[in-house]
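Spelled out, the chains give:
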Amino acid sequence: MIFDKLSVIAAKALAAGREWAVSPQFYSQIAAVLSALLIAWLLSLLMLRQLAVPISQSSMKPLAGLQKILFRSRALLFPLLAVLLLGIAAEVVFSAFAQNWIIRLAQSLAVVFLLYSTVERFVQSQWIVSLFKWVGIPIATLHIFGWLDDVTQYMDAISLEVGNIRISLLALARTIVFGSLLFWLGRMSNAAGKEVIRKQQTLDAGTREVFVKLFEIALYVVVFLLLLQVMGINLTALAVFGGALGVGLGFGLQQIAANFISGIIILLDRSISIGDYIEFDDGHAGKMCELNMRYAVLEAFDGKEIMIPNEKFITSSFVNWTHKNAKQRYSLNFSVAYKTDLDLLFEVVRTTVANHPQVISGPEIPIEERPDAEISAFGDSGIEILVEFWMEGIDDGKNRVRADLLYEIWKALREHAIEIPFPQREVRVVNSGTRS
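Attention in this report is confined to the structure presented alongside it. Everything numeric here is computed off the predicted structure, so don't read it as measured data.

Criteria and cut-off values
Residues numbered from 1 in each chain as written. Predicted model: local features only at pLDDT ≥ 70, side-chain atom pairs only at ≥ 80, totals over all residues. Heavy atoms only, no water. Helix = DSSP H or I, 4+ residues; strand = E, 2+ residues; numbered from the N terminus. Buried < 20%, exposed > 50% of the residue type's maximum accessible area, 1.4 Å probe, protein only. Contact = heavy atoms within 4.5 Å. Areas by Shrake-Rupley, 256 points an atom, 1.4 Å probe, with all protein chains shown as cover. Salt bridge = Lys/Arg side-chain N within 4 Å of Asp/Glu carboxyl O. Expected span 1.5 Å × (residues − 1). Pairing = 2+ DSSP bridges. Axes fitted to C-alpha atoms, helices over the stretch in contact; angles between N-to-C directions. Phe/Tyr/Trp six-rings, centres within 6.5 Å; stacked < 30°, edge-to-face > 60°. Lys NZ or Arg CZ within 6 Å of the ring centre and 35° of its normal. Patch = residues over 30% accessible without salt bridge, like charges linked within 9 Å, V, L, I, M, F, W, Y side chains within 5 Å.

A few words now on the overall build of the protein chain. Summing up its helical and strand segments, the protein chain has 14 helices and 10 strands in all. The buried share of the protein chain, taken over its 436 residues, is 30%. Long-range pairs, those at least 24 residues apart, make up 61% of the contacts in the protein chain between residues at least 6 apart in sequence. Roughly 28,900 Å² of accessible area belongs to the protein chain as shown, and the carbon and sulfur atoms make up 63% of that amount.

Here you go:
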């Protein structure tokens, strides 16, 4: 009996389908779909040929930039034109035959194809591409056939309730999908925003880093709040919990908070910047190569990286060797014999030091910055000579100037027969006679 009823229903449906398949409404919609796709294909070929023609005239530079953008998007021309022309065909056919569901179905499929082409063309993350293939396309397909509402209701019915908290399969899936998209968009926006801010040459490096960090923090706060909204968490109730949590974290993480605030102060007052050579009283020294919101990284000349908490820059004293002036003054000490011609010595030493390529010298240099040699003290074995000179940068690493100068001075003293004394002692015998 049931089989007979199903056979009758199937026969009636088949007969109705055959009757509708030969109706003008069916042929008109099929013809409209094929015409729209054919016209879209021909227009895309024509536009691609025009985009392939180079534009070299200087007066056409704006058009050339637009041409480059369109050429990069050439794979999207056909699906985009197909969506537009199918929409026009749907309106025309509906006004004539009061039916256009086949055209709307074709237009929906064209939209899915357009989205797929966009993701394949412009999204570099394979994870996002896979997410769109396995999640986005099935959702779009369900929406096309009108099954999306039924599926979402079924997923929402599968739930777990703990007290006042209800977790459904739909909410879990929505959180995973939209959370992944939000964090991906946040990461992409963060990278793009940092690049834009760091290209602002009107701002100094420290100010740019301040805006970079503040932009990063604000962006992730917004992403976190949006994720809470997607999860369906009431932000009003969360505010009370957040206040209590903030008090607890304030006591437990006060050192981290102090370093964070110190980092902002450092970036705002511009007392240090990337590339400065910093030296602390405890002996830690190096070139500032990284400044984060919690700590700074000093790169020493022996290859070590020293992590300095930001709070130390606020509470401790340090020397910034190169912040405002890269020129530094250094000194050398050596001894010569008491019989040395000091006028000749000073001339030889000053000339030798001035000839070094990294030493600042020349008649245009102020006299206080030129290489100089003078007597510093009279020692037990000879005359102590002090040599002072100025140079750009720190005398270490690639700028090993003092070692070179000592070697050059030693060679110059040997050429002029100037003696570098060694420790000597003179013994006098006061009473040389012997007692009987």
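Now that the structure has been shown, the text picks up again.
For the structure shown, the criterion picks out five salt bridges. Between arginine 350 and aspartate 372 there is a salt bridge, and its shortest N-O distance comes to 3.2 Å. With arginine 350 in helix H13 (residues 342-354) and aspartate 372 in strand E9 (residues 372-378), this residue pair connects regions lying 22 residues apart in the sequence. Residue arginine 350 is classed as partly exposed on the basis of its relative accessible area of 32%. Since its relative accessible area comes to 27%, aspartate 372 is described here as partly exposed. Salt-bridge contacts for lysine 411 lead to glutamate 408; the nearest nitrogen and oxygen are separated by 3.7 Å.

The next thing to look at is the environment of methionine 155. Structurally, methionine 155 is set in helix H7 (residues 148-157). Those residues in contact with methionine 155 that sit more than four places away from it in its chain are Ser168, Leu169, Leu170 and Ala173.

Here helix H8 (residues 169-198) contains 30 residues, and its C-alpha end-to-end distance of 43 Å stays within 8% of the 44 Å for a straight helix at 1.5 Å per residue. Looking at H8, one finds that the buried residues are Ala171, Thr175, Gly179, Ser180, Leu182, Trp184, Gly186, Asn190, Gly193, Lys194 and Ile197.

Another point: helix H11 (residues 254-269). In this model H11 runs 22 Å from its N-terminal to its C-terminal C-alpha over 16 residues, within 8% of the 22 Å that 1.5 Å per residue would give. Here H11 has its buried residues at Asn259, Ser262, Gly263, Ile264, Ile266 and Leu267. In the segment just after H11, arginine 270 is the residue with positive phi, at about 60°.

Here three strands make up an open sheet; going across it, the order is E8-E10-E9 and the pairing antiparallel. Here the strands that pair on one side only, and so sit at the sheet edges, are strand E8 (327-336) and E9. Each strand axis lies, on average, 30° off the axis of its neighbour in the sheet, ignoring direction. When E9 meets strand E10 (residues 383-392), the two strands line up antiparallel, connected through six bridges. Residue phenylalanine 378 lies in a different strand from E10, and its bridge partner there is isoleucine 383. Along the sheet, H13 contacts E8, E9 and E10; its crossing angle with E9, the most-contacted strand, is approximately 130°. Here helix H14 (residues 401-415) sits on the sheet in contact with E8 and E10, set at roughly 35° to E8.

Pairing is antiparallel across the open sheet formed by five strands, whose spatial order is E6-E5-E4-E3-E7. The sheet is open, and its two edges are formed by strand E6 (305-309) and strand E7 (318-320), each paired on a single side. The mean angle between the axes of side-by-side strands here comes to 40°, regardless of whether they run parallel or antiparallel. Direction of pairing for strand E5 (residues 295-299) relative to E6: antiparallel, over a ladder of five bridges. Looking across to E6, one finds that tyrosine 295 is bridged to proline 309.

This part is about the packing of aromatic side chains. Counting across every chain of the model gives six aromatic pairs. Measuring from ring centre to ring centre gives 6.3 Å for tyrosine 407 and tryptophan 410, while their planes differ by 25°; the resulting arrangement is stacked. With tyrosine 407 and tryptophan 410 both in helix H14, this residue pair falls three residues apart, about one helical turn. Under the relative-accessibility criterion, tryptophan 410 is labelled partly exposed at 40%. These aromatic residues form a ring-pair network of at least three members: Phe280, Phe313 and Phe318. Between the NZ or CZ atom of lysine 312 and the centre of the ring of phenylalanine 280, over which it lies, the distance is 4.9 Å.

Moving on, we come to a nonpolar patch on the surface. A contiguous nonpolar patch, built from Tyr154, Ile158, Leu160, Ile167, Leu169, Leu172 and Ile176 and spanning about 700 Å² of accessible area, is present on the exposed surface. Along the chain, tyrosine 154 turns up in helix H7. You can call tyrosine 154 exposed: its relative accessible area is 58%.

With respect to the secondary-structure elements, asparagine 310 resides in helix H12 (residues 310-315). With a relative accessible area of 0%, asparagine 310 lands in the buried category.

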